[in-house]
Amino acid sequence: MRILVSNDDGVFSPGIRALARVAQEFGQVRVVAPDVEQSAMSHAITVRRPLHYTKTPIDGLEAYRVDGTPADCVALGAHHWDKVDLVLSGVNLGHNLGHNIWHSGTVAAAKQAAFLRIPAIAFSAPYSDTPVDYDVLAPFVREVIREFLAVPDMTLLNANFPTEPRGLMWTSQSVRHYEGYVVPGEDPMGRRHFWFAEEPQEQVEEGTDRWAVERGYVSLTPLRLDLTDEPLLARARAVGEGVGTGGA
Ligand code: MN
């Protein structure tokens, strides 16, 4: 099995080393990752300049650093390696739960693989002043990959680890609404600057990704590329007057 490993924290992140080490147990591994951190870049792609990559062996692994986004890395990596069987992204330094799935470069790398019909998993772990113990997480990374490969038609999975996992749990994406606000400040030169911040307005719902991680479980959320709101589409088609139904 050919496994392409990427991330959004950059090729030198400890998380990608830990993930690549476990990936080696499942097949041939190649790392293609951004040369600098690309967190919160979501699914950005580079279209106004060419991309470059440089061979950068890591722990004896074949690895390349790219001057592009996570999605660029997966597109480039898949183009230069015939028949990639699996893409693994992460392990991100920080969770990608709920609405963060929209912002995440880690998840975008996996999504890019799904667009190329390559099954993919995004991995994220907590981030704080206390470094994550990847030796503790490694058996669970292994278990997530096994579960993923065991479920037929699984194409895109978002996995989030608690600090000390007690098991795996299938979950749905937590959707909470946010009160967005802007905190003004001033830099040492007296120039005004602004921080964007947000406050959730709802509690965490049972069975969601946040709920599982808060309880010490590895959250496994299958994702899909089709964002269509099917019930709403059906209602709109029933109500719509003079609007085409797209053949339905
Ligand atoms: Mn990141």
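The coordinates are above.
Residues numbered from 1 in each chain as written. Predicted model: local features only at pLDDT ≥ 70, side-chain atom pairs only at ≥ 80, totals over all residues. Heavy atoms only, no water.

Peer 1: I would appreciate a short explanation of the environment of T130 in the present structure.
Peer 2: Looking at the secondary structure, you find T130 in the loop between β6 (120-125) and α5 (134-150). Residue T130 is classed as exposed on the basis of its relative accessible area, which comes to 58%. In this structure the C-alpha to C-alpha distance between T130 and T163, which are 33 residues apart in sequence, comes to 10.0 Å. (Helix = DSSP H or I, 4+ residues; strand = E, 2+ residues; numbered from the N terminus. Buried < 20%, exposed > 50% of the residue type's maximum accessible area, 1.4 Å probe, protein only.)

Peer 1: I would appreciate a short explanation of α5 in the present structure.
Peer 2: Along an α-helix, a turn takes 3.6 residues, which lines up residues three or four apart on a common side. Helix length check: α5 (17 residues) gives 24 Å between terminal C-alpha atoms against 24 Å at 1.5 Å per residue, within 8%. When we look at burial in α5, the residues that qualify are Y134, L137, A138, F140, V141, V144, I145 and F148. Considering only its buried residues, α5 is in contact with α1 (14-23), β5 (86-93), β6, β7 (156-160), β8 (168-170) and β11 (218-222). Two or three places before D135, at the start of α5, stands the capping residue D133, its side-chain oxygen 2.9 Å from that residue's backbone nitrogen. (Expected span 1.5 Å × (residues − 1). Contact = heavy atoms within 4.5 Å. Polar contact = N/O pair within 3.5 Å; in protein donor to acceptor, adjacent residues only side chain to side chain.)

Peer 1: What's the story with the sheet that holds strand β4 (residues 62-66) in this structure? I'm lost.
Peer 2: Within the open sheet, the nine strands sit side by side as β3-β4-β2-β1-β5-β6-β7-β11-β8. Their pairing is mixed. Either end of the sheet is taken by a strand with one partner, and the two such strands are β3 (53-55) and β8. Across the sheet, the mean angle from the axis of one strand to that of its neighbour is 20°, orientation sign disregarded. Here strand β1 (residues 2-6) pairs with β5 via four bridges, running parallel. Each bridged residue has a counterpart across the sheet, and for I3 the counterpart in β5 is L86. Contacts from α1 reach β1, β2 (28-34), β5 and β6 within the one sheet, and its direction differs from that of β5 by about 145°. Along the sheet face, helix α2 (residues 70-79) touches β1, β2, β3, β4 and β5 and points at about 155° away from the line of β1. (Pairing = 2+ DSSP bridges. Axes fitted to C-alpha atoms, helices over the stretch in contact; angles between N-to-C directions.)

Shape is all these values report; function is a separate question.
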